[in-house]
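# Examination of the molecular architecture
Single-letter residue listing:
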Amino acid sequence: MMNLPLLHKQAIQAMPPLMELHTQYPGKYWMPTADSYTYYRYLVGMVRALEPTQVVELGGANGLGAHYMLSNMPDDSNLYTVDIVNALSELRAQPPQRNNAHILIGDTRDMTIWDECGVDLSKTDLWFFDSDHTYEQLTAEWTLYSRHFREGTVVMLDDVLLNEGMWQAWQEIPQAKLLAPEIHFSGWGLVAA
Ligand SMILES: C[S@@+](CC[C@H](N)C(=O)[O-])C[C@H]1O[C@@H](n2cnc3c(N)ncnc32)[C@H](O)[C@@H]1O
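A short tour of the structure in this document, coming up.

Calculation criteria
Residues numbered from 1 in each chain as written. Predicted model: local features only at pLDDT ≥ 70, side-chain atom pairs only at ≥ 80, totals over all residues. Helix = DSSP H or I, 4+ residues; strand = E, 2+ residues; numbered from the N terminus. Rg over C-alpha atoms; globule rule 2.2 N^0.38 Å. Buried ≥ 20, exposed ≤ 12 C-beta atoms within 10 Å, placed from the backbone. Contact = placed C-beta atoms within 7 Å. Pairing = 2+ DSSP bridges. Axes fitted to C-alpha atoms, helices over the stretch in contact; angles between N-to-C directions. Parallel < 35°, antiparallel > 145°, perpendicular 65-115°, else oblique. Nonpolar A, V, L, I, M, F, W, Y, C, P; charged D, E, K, R; others polar. Near = placed C-beta within 6 Å.

The next point concerns the overall build of the chain. The helix and strand tally for the chain stands at eight helices and seven strands. For a compact globule of 193 residues, the expected C-alpha radius of gyration is about 16 Å, and the chain comes in at 15 Å, within 12% of that figure. Each principal axis of the C-alpha distribution contributes one length, and for the chain these read about 40 × 35 × 30 Å. In the chain, which comprises 193 residues, the share counted as buried stands at 38%. Here the contacts in the chain between residues at least 6 apart in sequence split such that 65% fall between residues at least 24 apart.

Across the sheet, seven strands lie side by side as 3-2-1-4-5-7-6; this open sheet has mixed pairing. This sheet does not close on itself; its edge strands, each paired only once, are strand 3 (101-105) and strand 6 (176-179). Pairwise comparison of adjacent strand axes, ignoring direction, gives a mean angle of 15° for this sheet. Note that strand 2 (residues 78-83) and strand 3 share five bridges and pair parallel. Counted as the bridge partner of Thr81 is Ile103 from strand 3.

One way to put it is that helix 7 (residues 135-145) packs onto helix 8 (residues 164-172) with a least axis distance of 8 Å and a crossing angle of 25°. In this view, helix 7 runs roughly parallel relative to helix 8, as classed from their interaxial angle. Here Tyr135, Leu138 and Thr139 of helix 7 come into contact with helix 8, specifically with Gly165, Met166, Gln168, Ala169 and Glu172. For the contact of helix 7 with helix 8, the class distribution of residues is four nonpolar, three polar and one charged.

To continue, consider the site of the ligand. In the region of the ligand, 17 residues are neighbours, and Gly59, Ala61, Gly65, Ile84 and Asp132 sit closest. Of all elements in the fold, only helix 4 (64-70) and strand 2 reach the threshold of two or more residues within the shell around the ligand. Looking at the shell around the ligand residue by residue, the classes come out as six nonpolar, five polar and six charged.

The structure is reproduced here in C-alpha cells:
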C-alpha cells in the first residue's frame with residue numbers, strides 16, 4: 001500500500017526552486033517571489049519522487065504542467081494529456097528534449113479518445129485530474145478512470161476546494177487520500193489506489 005504522507009514529503013523535498021522552472025521552459029518569465037506556481041514545482045517534485053513510466057493528465061490547458069512533468073520524467077516514460085479544446089500550445093511550441101508527449105484532443109468522458117493511441121490505461125502510475133472543476137465532471141471521470149487504477153497508482157487532483165461540488169466529489173472518493181492546500185490554495189488532493 002502506497003504511503004501517501006511519505007510520498008508527499010518526498011515530492012516536496014524534490015521540488016525545484018522556482019527559477020529552475022524558468023531554465024526548463026525559457027518561454028516563461030517567473031517572478032522569483034510568486035507563490036502561485038508552487039503546484040508546478042510540485043508536479044516536478046512528484047515525478048522526480050515517483051519516477052512514473054506512464055502519466056495521464058485530464059485537462060491539459062496550454063500544456064505547461066505537462067511540459068514540466070515530461071522534462072523530469074524517466075527516459076522511455078510517456079505522458080498522455082487530454083484537452084477538449086485544441087490547446088496545449090506551450091507544449092507544442094517548445095516540446096521537451098525527450099518528446100514522449102501524446103496530445104489528445106477530446107472530451108475526457110469520451111473513452112474513444114484512447115482507442116487511436118492504443119494506450120493501456122492500467123499501466124498509468126500517475127494521474128492528474130484537472131479538467132472541468134464541477135461535481136458532475138469529477139465524479140464522471142472518477143467512475144470512468146478509477147477502474148484502471150491498480151495497487152501503487154497515485155492520483156493528483158487540483159482545485160478540490162474550489163466550490164461545493166468539487167469538495168463533495170473529493171469527499172466521496174473512497175480511496176486513501178491526503179488534502180494539501182499548501183501546494184495550491186484552491187485545494188490540492190493526492191489519492192492512492
Ligand atoms: C485548469 S486547466 C488544466 C491545467 C493543466 N493541468 C496544467 O497544469 O497546466 C483545465 C482544462 O480542462 C479542460 N477541460 C474542461 N473540460 C474538459 C473535458 N470535458 N474534457 C477535456 N478537457 C476539458 C479545459 O479546456 C482547460 O484547458
